[in-house]
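Listed below, chain by chain, are the residues.
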Amino acid sequence: MSNAVDLVEVIRGPFAESVHRGHAVVVTPSGEVVAAWGDPEAVVLPRSSSKILQAMAMVESGAAARAGLGSEHLALACASHEGAAVHTGRVAVWLSGLGLGEADLRCGAHDPGDPAALADLHARGAAPCQLHNNCSGKHAGFLTLNRDIGGDPDYVAPAHPVQQAARAVFEEMTGATSPGFGIDGCSAPNFAGTLRGIATAMARIAAAETALTGARRSGAIALRDAMAAHPVLVAGEGRACTELMTAMGGRAMIKTGAEGFFVAMLPGRGLGVAIKILDGATRGAEGVMAALLVRLGVADPDHPLVAKRLRPALVNRAGRVTGMLRPTHALWQDGTLL
């Protein structure tokens, strides 16, 4: 990934100690670049930022409606959740309604990120299950589509009809054939695309009322609005996705992905954003996203939930503030609106 630029600085005392480099782009539904830093044509793996695209086949096919899913289910299908009770309980009920259970998932198990859920497991001497996987909602969505089409149990196989449907949506929404895929942490294929193409997909969802038609239009709106309505289900308490969406009150829907990826959809402006930090640092991606949301006029830099990502303090073990992260001048441009 050549032509990356400095996007976030790590400041300690008077020194710029480290820097997060990467690429970022803001585009319209036609793929027109409104603003860019680095290379908009860099080929990237969007990781969990693509979950809304992976969920679209389930919704636009009618499988979600036939299964009686509501907006909470749709938010969970787009989620990288913390494995809190508010998440695992809902996914368990969802699977039960399909006549399925935790064993039907193919995402694997890991410790929940939610401190209360982790403490409960430790207190009971219990191991985490697949419901705690941050992708269990996405996989419940895969299973919903799979049951509807009568597919075999190995729904994460790249050649499975569920994943082929996800790939078709990804390519149609990004406007290009994917050059391939990598296997994600949850075992599902994650399709690659250009940064501009992925941002274009997000812009089309943001402007779905005019950019899309038919079942795709209604499905995109339902998923987008579910994320805005249930920010806690999309991530969890203390997480950037949840806190920034809460602060913006529906002006933007955002979704993180592993290895320093982040996307945003701005319905009021019909724009999409995609960000990739080369070193994979989440803190770098969160800082770039906060800066762009402010510059795009949908986030208040003085809101405490925005400020904590825009210029987070570095605090040492004695509780002393020793520095901060901040957007570079090239990215921030004194906060000038885009």
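See the structure printed just above.
Figured I'd write up the structure that's included with this text. Since this is a predicted model, take the numbers as computed values, not measurements. (Residues numbered from 1 in each chain as written. Predicted model: local features only at pLDDT ≥ 70, side-chain atom pairs only at ≥ 80, totals over all residues. Heavy atoms only, no water.)

Here we look at helix α4 (residues 85-97)
Here α4 is 13 residues long and its end C-alpha atoms lie 18 Å apart, about the 18 Å a rise of 1.5 Å per residue gives. Those residues of α4 that are buried are in contact with α1 (51-60), α3 (71-77), α6 (136-149) and α11 (231-234). Downstream of α4 by a residue or two, G99 has a phi angle that is positive, lying close to 75°. (Helix = DSSP H or I, 4+ residues; strand = E, 2+ residues; numbered from the N terminus. Expected span 1.5 Å × (residues − 1). Contact = heavy atoms within 4.5 Å.)

A few points about the pattern of salt bridges
Counted by the stated rule, this structure contains 17 salt bridges. With its nearest N and O atoms 2.8 Å apart, the salt bridge here joins R47 to D184. Residue R47 is found in the loop between β4 (43-44) and α1, and its partner D184 is found in the loop between β5 (181-183) and β6 (189-191); the two are separated by 137 residues along the sequence. Among the ionic pairs, E243 bridges to K308, the shortest N-O distance being 3.0 Å. Of this pair, E243 sits in helix α12 (residues 240-248) while K308 sits in helix α14 (residues 304-310); the two residues are 65 residues apart in sequence, bridging distant segments of the chain. For E243, a relative accessible area of 11% corresponds to the buried category. On the basis of relative accessibility, which here comes to 39%, the residue K308 falls in the partly exposed class. Three or more residues joined by partner-sharing salt bridges are found here, namely E243, E286, K308 and R309. (Salt bridge = Lys/Arg side-chain N within 4 Å of Asp/Glu carboxyl O. Buried < 20%, exposed > 50% of the residue type's maximum accessible area, 1.4 Å probe, protein only.)

Focus on the layout of surface pockets
Taken as a whole, the largest pocket encloses approximately 250 Å³ of empty space. Forming the walls of the largest pocket are 19 residues, and the residues nearest its centre are S48, S80, N134, G257 and A258. Broken down by secondary-structure element, the contributors of at least two residues to the lining of the largest pocket are α12, β8 (253-257) and α13 (282-295). (1 Å grid on protein atoms, 1.4 Å probe; cavity = no way out; pocket = protein on both sides within 12 Å on 5 of 7 lines; lining within 4 Å. Points joined across faces, edges and corners; volume = space filled by probe spheres on them.)

Thoughts on the side chain of D114
Looking at where D114 falls in the secondary structure, it is placed in the loop between α4 and α5 (115-124). For the buried D114, no salt bridge is present, and the opposite-charge side chain at shortest range is R239, 9.5 Å distant. Apart from the residues within four sequence positions on either side, D114 is in contact with E82, G83 and A84. (Lys, Arg positive; Asp, Glu negative; His and termini not counted.)

Details of the nonpolar core
Judged by nonpolar contacts, the single largest core of 103 residues is most densely connected at M58, I254 and L293. Non-local contacts of M58, meaning those with residues more than four positions away in its chain, are made with A63, A64, L69, L74, A77, W94, G141, T144 and L145. (Core = buried A, V, L, I, M, F, W, Y, C linked by side-chain atoms within 4.5 Å.)

Notes on empty space enclosed by the protein
All told, the structure shown has 2 cavities of 30 Å³ or more when counted by the stated rule. Of the volumes computed, that of the largest cavity is approximately 60 Å³. Forming the boundary of the largest cavity are K51, Q54, A55, M58, A77, K138, G141, F142 and L145. Contributions of two or more residues to the lining of the largest cavity are made by α1 and α6. A per-class count over the lining of the largest cavity returns 5 nonpolar, 2 polar and 2 charged. (Nonpolar A, V, L, I, M, F, W, Y, C, P; charged D, E, K, R; others polar.)

Here we look at the pairing of strand β10 (residues 271-277)
Burial of β10 is extensive: 7 of the 7 residues sit out of reach of the surface. Burial along β10 is two-sided: the residues L271, V273, I275 and I277 and G272, A274 and K276 are all buried. Where strand β2 (residues 15-27) lies against β10, 6 bridges are found, and the strand directions are antiparallel. Note that in β10 the partner of G22 across the bridge is I277. Judged from the 6 bridges that link them, strand β9 (residues 261-266) and β10 form a sheet pairing that is antiparallel. Each bridged residue has a counterpart across the sheet, and for F262 the counterpart in β10 is I275. (Pairing = 2+ DSSP bridges.)

A word on the packing of aromatic side chains
Throughout the structure, instances matching the rule amount to 3 aromatic pairs. With a centroid separation of 6.0 Å and 50° between ring planes, the pair formed by F142 and Y155 is classed as tilted. A residue pair is termed long-range when its members are at least 10 positions apart, and F142 in helix α6 and Y155 in the loop between α6 and α7 (161-174) qualify at 13 residues. For the residue pair F142 and Y155, the accessibility class agrees, reading buried in each case. In textbook terms, an aromatic cluster arises when at least three aromatic residues are bridged by ring pairs, as seen for F170, F181 and F191. (Phe/Tyr/Trp six-rings, centres within 6.5 Å; stacked < 30°, edge-to-face > 60°.)

Fair warning: the whole summary comes from geometry, so function is off the table for now.
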